[in-house]
Amino acid sequence: MPASLTLIDYWRSGTSHRTRIALHLKGLAFEHRTIDLRVGAQASAEYTALNPQALVPTLITDGAVLTQSPAILEWLEEVYPVPPLLPADPAARAQVRAIAAAVACDIHPLGNLRVLKYLRAEMGQDEAAATAFARRWIELGFEAITKLLVASPGGPWAWGERPTLADCCLVPQLYAAIDRHKLALSPRLAAIYAASETHPAFIAAHPLNQPDAPKG
Ligand SMILES: N[C@@H](CCC(=O)N[C@@H](CS)C(=O)NCC(=O)O)C(=O)O
């Protein structure tokens, strides 16, 4: 079992947020290093030596540098299986992973900083168009996820009474939708977000509770 964990992240990044949630749900202590995406620190030679994609997060363990938050979440689940972030039944596991992937593969990438920057700088789109683009994929994705959740055993979490990988990915995207885009959530998604607001691991992982978040 690794003796040390160092997370490199940015307070407002959704992929960092989902990784922090999983670390806290597993009750793991970790060293925290932050880099400022607003000033392009992700492109520094020092950081890209660790994460060649110039994206956060990166998790450093004894002997390995892990990138890509879905891979990091799966690694955490394999190495620290208790408490589990996946249900026991294989079909349910696939359904939970599908909800996580609907966020991680189909919503989040289209609203990422570099994508929106490209729309503005290279495709000549103004701020309103770039924002509408990001919102479009959040709204479409949430509509589909709300339908996927009909197969769930119920709340308060995406898949029953305990948080899973689905919630690790969903809650940061819900936060971005509320905070940045002022979007209204379906009752089921709003209930998941409400559950996260009183759970210690989700509170500890919240963007505004990070050392690099703006104060006051
Ligand atoms: N698939 C990657 C995506 C990582 C990612 O897009 N991170 C964003 C922050 S949420 C980032 O570093 N953006 C920097 C940029 O766009 O330059 C993962 O899940 O780790």
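**Quick look at the overall build of the protein**
Move 1: A tally of regular secondary structure across the protein gives 9 helices and 4 strands.
Move 2: Starting at the N terminus, the α and β elements of the protein follow one another as β-α-β-α-β-β-α-α-α-α-α-α-α.
Move 3: Radius of gyration (C-alpha) of the protein: 17 Å, near the 17 Å computed for a compact globule of 216 residues.
Move 4: C-alpha extents for the protein along the principal axes are approximately 45 × 40 × 35 Å.
Move 5: Taking all 216 residues of the protein together, the buried fraction comes to 35%.
Move 6: Within the protein, residue pairs in contact and separated by at least 24 positions form 67% of the contacts whose partners lie at least 6 positions apart.

**Some points on the site of the ligand**
Move 1: The environment of the ligand is formed by 14 residues, the closest being S13, L55, S69, L113 and R114.
Move 2: Where the shell around the ligand is concerned, the elements lending two or more residues are α1 (14–25), α3 (69–79) and α5 (113–121).
Move 3: Its residues assigned to classes, the shell around the ligand comprises 6 nonpolar, 7 polar and 1 charged.
Move 4: Here the shell around the ligand spans two domains, and each of domain 1 (5–83 + 204–209) and domain 2 (90–200) adds at least three residues to it.

**Focus: the packing of helix α4 (residues 90–104) against helix α7 (residues 165–179)**
Move 1: Relative to each other, α4 and α7 sit at 25°, their axes nearing to 8 Å. The orientation of α4 with respect to α7, classified from their angle, is roughly parallel. Here α4 runs over α7; the crossing is left-handed. Contact residues: V96, R97, I99, A100, V103 and A104 in α4; L165, A166, C168, C169, L170 and Q173 in α7.
Move 2: Looking at the contact of α4 with α7, its residues break down into 10 nonpolar, 1 polar and 1 charged.

**Comments concerning the domain arrangement of the protein**
Move 1: Domain parsing of the protein yields domain 1 (5–83 + 204–209) and domain 2 (90–200).
Move 2: Listed as interface residues are 13 residues of domain 1 and, on the opposing side, 13 residues of domain 2.
Move 3: Listed by contribution, the elements that provide at least two residues to the side of domain 1 that touches domain 2 are α1 and α3.
Move 4: It is α1 that contributes the most residues to the side of domain 1 that touches domain 2, 7 residues altogether.
Move 5: Per-class residue counts for the side of domain 1 that touches domain 2 are 8 nonpolar, 4 polar and 1 charged.

**Details of the sheet that holds strand β1 (residues 5–9)**
In a beta sheet, neighbouring strands are held together by backbone hydrogen bonds and run either parallel or antiparallel to one another.
Move 1: Read from one edge to the other, the open sheet built from 4 strands follows the order β2-β1-β3-β4, with strand pairing classed as mixed. Each end of this open sheet is capped by a strand with a single partner; those strands are β2 (31–34) and β4 (64–67). With direction set aside, neighbouring strand axes in the sheet form an average angle of 20°.
Move 2: Where α1 meets the sheet, it contacts β1 and β3 (58–61), and its direction lies at approximately 155° from that of β1.

**With respect to helix α8 (residues 187–197)**
Move 1: Those residues of α8 that fall on the buried side of the exposure criterion are L189, I192 and S196. End-on view of α8: buried residues confined to an arc of 60°, all on one side of the axis. Opposite the buried face of α8, at more than 90 degrees from it, the exposed residues are P187 and E197.
Move 2: If you follow the buried residues of α8, they end up packed against α6 (127–148), α7 and α9 (200–205).

Definitions and limits used
- Residues numbered from 1 in each chain as written.
- Predicted model: local features only at pLDDT ≥ 70, side-chain atom pairs only at ≥ 80, totals over all residues.
- Helix = DSSP H or I, 4+ residues; strand = E, 2+ residues; numbered from the N terminus.
- Rg over C-alpha atoms; globule rule 2.2 N^0.38 Å.
- Buried ≥ 20, exposed ≤ 12 C-beta atoms within 10 Å, placed from the backbone.
- Contact = placed C-beta atoms within 7 Å.
- Near = placed C-beta within 6 Å.
- Nonpolar A, V, L, I, M, F, W, Y, C, P; charged D, E, K, R; others polar.
- Domains from an automatic or database assignment.
- Axes fitted to C-alpha atoms, helices over the stretch in contact; angles between N-to-C directions.
- Parallel < 35°, antiparallel > 145°, perpendicular 65-115°, else oblique.
- Left-handed = near helix turned anticlockwise from the far one by under 90°.
- Pairing = 2+ DSSP bridges.
- Arc of directions from axis to C-beta.

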